[in-house]
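The primary structure of each chain is shown beneath.
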Amino acid sequence: MSSTAQRWVPGGGRDGELALHRLPLADPGAGEITIAVRAVGMNAVDALNASSGASEIGYEVSGTIEALGPDVTGHDLGEDVLSFRVHGGYTTAITVPARDVFTKPTALGWAEAANLLLVGSAAAEMLHRTELADGDVVLVHGASGAVGISAVQQAKLRGARVIGTASPRNWDLLRRFGAEPVAYGAGLEQRVRDLTEHVDVAFDAVGTDEAVDVSLALVADRRRIASSAAFDRAGPEGFWIVGHETGSVTYRDQVREHLIELAGTGRLTVPMARTFPFAEALAALDLVASGHPGGKVALLV
């Protein structure tokens, strides 16, 4: 096993940019696994953490098991895996708790595997909190984004009718996954009313006032509205803010294996926009920070 790893560290470069360092890599201890990273999943929160000078960025990776702690069972050296939730995932190798490591389905590519669980568990929590049921009509704001497109797919698997807001250039993507597209912007509420007599549930993956206001206007029960982004309005307006509710971490940990099973059998897709070599992390992060990558982005080691 290599005793060092290359890792992108925030705040160490010019103007607070990421800087690439070679850092020591400890042998895995009890209950730990070391992964030789093949792909790094990239998320919008990484860009926020990098710009704020956080000590570590990167929450999910895929790769191959390089070393096992002395008491670890259920995994083998050389096994292809994915891991979430990690800390400092912009790296060529990482040691993580064994409980956060899962066998990678053969059908799932490295980049897709490294981008599955953060957005997938956020979307799954939306379904969980709002008690989405077969036959519900759900409005997904930001439906072509990373969380949105996962929510669309998971809602369809639950038997819901899905209406999704997106730019017209992304409507084919929504239709591919069974959603009815609608343009966001002025007049959104009426355009949705023209499509359906009622909306049972709303998911907000963008956090705009428009998304919140339209959701509140269309959904009678505010506990059937969930957002991953409208932090300042969730409390006062009485709807869910996923990831920050009591039990969010526990639920997301519990749902990981289910999401991997869905992805491994082709029922949950991770649309990729682009991959970058590991050395081009700054350019990749710029694309993620733009807010319009057109799908998920990954670093390939």
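Definitions and cut-offs
- Residues numbered from 1 in each chain as written.
- Predicted model: local features only at pLDDT ≥ 70, side-chain atom pairs only at ≥ 80, totals over all residues.
- Heavy atoms only, no water.
- Helix = DSSP H or I, 4+ residues; strand = E, 2+ residues; numbered from the N terminus.
- Buried < 20%, exposed > 50% of the residue type's maximum accessible area, 1.4 Å probe, protein only.
- Contact = heavy atoms within 4.5 Å.
- Areas by Shrake-Rupley, 256 points an atom, 1.4 Å probe, with all protein chains shown as cover.
- Lys, Arg positive; Asp, Glu negative; His and termini not counted.
- Charge placed at Lys NZ, Arg CZ, Asp CG, Glu CD.
- Expected span 1.5 Å × (residues − 1).
- Bend = angle between axes of the 7 residues up to and from the residue.
- 1 Å grid on protein atoms, 1.4 Å probe; cavity = no way out; pocket = protein on both sides within 12 Å on 5 of 7 lines; lining within 4 Å.
- Points joined across faces, edges and corners; volume = space filled by probe spheres on them.
- Nonpolar A, V, L, I, M, F, W, Y, C, P; charged D, E, K, R; others polar.

The name that an unreviewed UniProt entry assigns to the protein is Zinc-binding alcohol dehydrogenase family protein, with the source organism given as Micromonospora vulcania.

With respect to the overall build of the protein
Helices and strands together make up the secondary structure of the protein, namely ten helices and 15 strands. Once the C-alpha set of the protein is aligned to its principal axes, its extents read approximately 60 × 45 × 35 Å. Here the protein holds 301 residues, and the buried ones make up 51% of them. Sequence separation of at least 24 residues holds for 63% of the intrachain contacts in the protein that already meet a minimum separation of 6. Counting only carbon and sulfur atoms, one obtains 50% of the accessible surface of the protein, whose full area is about 12,900 Å². Positive and negative side-chain charges of the protein, numbering 25 and 37 respectively, have mean locations separated by a distance of 3 Å.

A look at the environment of Asp-209
Along the polypeptide, Asp-209 turns up in helix H7 (residues 209-218). C-alpha separation for the pair Asp-209 and Pro-10, spaced 199 residues apart in sequence, amounts to 31 Å.

Quick word on helix H9 (residues 248-264)
The terminal C-alpha atoms of H9 lie 24 Å apart, and with 17 residues this matches the ideal 24 Å at 1.5 Å per residue to within 8%. Its axis deflected by about 35° at Arg-256, H9 carries its strongest bend there. By the burial criterion, the buried members of H9 are Ser-248, Tyr-251, Arg-252, Val-255, Arg-256, Leu-259, Ile-260, Leu-262 and Ala-263. Contacts made by the buried residues of H9 are with strand S5 (80-83), strand S7 (101-103), helix H3 (117-130) and helix H4 (146-157). Of the residues one or two after H9, Gly-266 is the one with positive phi, at around 80°.

Some thoughts on empty space enclosed by the protein
The final tally for this structure, using the stated rule, is two cavities of 30 Å³ or more. Approximately 60 Å³ is the volume found for the largest cavity. Together, Asn-115, Leu-116, Val-119, Gly-120, Ala-146, Ile-149, Ser-150, Leu-268, Thr-269, Val-270, Pro-271 and Lys-296 line the largest cavity. Broken down by element, the residue count for the lining of the largest cavity peaks at three residues, all from H4. Looking at the lining of the largest cavity residue by residue, the class counts come to seven nonpolar, four polar and one charged. Approximately 30 Å³ is the volume found for the second largest cavity. If you trace the second largest cavity, you find it lined by Ser-144, Gly-145, Ala-146, Ile-149, Leu-173, Pro-271, Gly-295 and Lys-296. Looking at the lining of the second largest cavity residue by residue, the classes come out as four nonpolar, three polar and one charged.

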